[in-house]
Amino acid sequence: YNGAAALLEPLFSKVPNHSLIYNLLQQCYNKLGYLPKVSDLANRMIEERPDECRYRLDLARVQVQLQEPKAGLESFYKAAELAKTDGDYLNVTNSMMSSGFAKEALTLMESLKDKITNPSTFALQRGILLEAQRMFHEAVLAYLPLLADTTRDAVTAERRLLALLDFPASSEQAEATL
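The next point concerns the overall build of the protein chain. Scanning the protein chain for helices and strands turns up eleven helices and zero strands. Secondary structure elements in the protein chain, listed N-terminal to C-terminal, are α-α-α-α-α-α-α-α-α-α-α. In terms of principal-axis extent, the alpha carbons of the protein chain reach across some 60 × 30 × 30 Å. The buried share of the protein chain, reckoned over its 178 residues, is 39%. Of all intrachain contacts in the protein chain linking residues separated by at least 6 positions in sequence, the fraction that spans at least 24 positions is 46%. Accessible surface, the protein chain: about 10,000 Å² in total, of which carbon and sulfur atoms supply 52%. For the protein chain, the distance from the average position of its 19 positive side-chain charges to the average position of its 23 negative side-chain charges is 6 Å.

Set out below in structure tokens:
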């Protein structure tokens, strides 16, 4: 990865807004554990493309890895402001969840209800977060709209509902809700 990074760095300097070079260089730095370089790289892309959610999201992730949770959370919120599609919003909230900001992700999902085009965009993620907070009634309500679908999320929601029915701590609330 050192050799690849050495080849890519001069290319990125010549064409600093080229997303393929950025992706490859970012992967090299991540594999090598050069997190400050990943952060610098993301900041350079933000300078080149300030209105793109993706680079702000990359910065947020690396800030969390660099033990800068406050800056990371701010960058997650900025990425959400820049998001343009349901997929962008989903990437932001999933990244927040995997970075330890589950409650903040749930709050953000609630605030984005009027901005998303597909109401079931966050259904699975909301259900998982609500389960983790032992809010089983609300989790069941989050999963239910997915059951009419045939997507992977729908299959996962069905499995999670069945697990809620089998789990002693949640079975009573799940049955009452259904």
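So that's the structure; there's more coming.
With that out of the way, let us pick up the packing of aromatic side chains. Going through the model one piece at a time under the given rule, you end up with four aromatic pairs. For the ring pair Tyr22 and Tyr55, a centre distance of 5.0 Å and an interplane angle of 90 degrees mean the geometry is edge-to-face. Separated by 33 residues along the polypeptide, Tyr22 in helix α2 (residues 19-32) and Tyr55 in helix α4 (residues 53-65) bring together distant segments of the chain. The residues Tyr22 and Tyr55 share a single accessibility class, namely buried.

On the surface, Leu141, Leu144, Leu147 and Leu178 cluster together into a nonpolar patch covering about 330 Å² of accessible area. Relative to the helices and strands, Leu144 resides in the loop between α9 (136-143) and α10 (152-166). A relative accessible area of 31% means that Leu144 is categorised as partly exposed.

Turning to unusual backbone geometry, a few remarks are in order. Despite not being glycine, Gln67 has its phi angle at roughly 65 degrees, a positive value. Along the chain, Gln67 falls in the loop between α4 and α5 (69-82). Taking relative accessible area as the criterion, Gln67 reaches 66% and is therefore assigned exposed. Here the phi dihedral of Arg134 falls at roughly 60 degrees; this positive angle occurs in a residue that is not glycine.

This part covers the side chain of Gln63. On the secondary structure map, Gln63 appears in helix α4. Classification of Gln63 by relative accessible area gives buried; the value is 10%. Apart from residues no more than four positions distant in its own chain, Gln63 is found in contact with Glu68, Pro69, Ala71, Gly72 and Ser75.

Rules behind the numbers
The written sequence of each chain sets the order in which its residues are numbered from 1. In keeping with the model being predicted, local features are shown solely for residues with a pLDDT of at least 70 and side-chain atom pairs are shown and tallied solely at 80 or more, while totals for entire chains, interfaces and linings include all residues. The basis for every side-chain value is the complete set of heavy atoms in the structure, and neither hydrogens nor water enter the calculation. A run of DSSP states H or I qualifies as a helix once it reaches four residues; a run of E qualifies as a strand once it reaches two. Both are numbered from the N-terminal end. For every residue, the accessible area (1.4 Å probe, protein chains only) is compared with the maximum for its type, and the residue is labelled buried under 20%, exposed over 50%, or partly exposed between those bounds. Only heavy atoms enter the contact rule, under which two residues are in contact if any of them lie within 4.5 Å. To be clear on the numbers: accessible area is Shrake-Rupley with a 1.4 Å probe, and residue cover counts the displayed protein chains and nothing else. Counted as positive: Lys and Arg. Counted as negative: Asp and Glu. His and the chain ends are not counted at all. For this purpose, a charge sits on NZ of Lys, CZ of Arg, CG of Asp or CD of Glu. Only centres within 6.5 Å qualify two rings of Phe, Tyr or Trp (six-membered ring in Trp) as a pair; their planes then separate them into stacked at under 30 degrees, edge-to-face at over 60, and tilted for everything else. Note that patches include only residues with greater than 30% relative accessible area and no salt bridge, and the join distances are 9 Å for like charges and 5 Å for nonpolar side chains (Val, Leu, Ile, Met, Phe, Trp, Tyr). For salt bridges, the criterion is a side-chain nitrogen of Lys or Arg within 4 Å of an Asp or Glu carboxyl oxygen.

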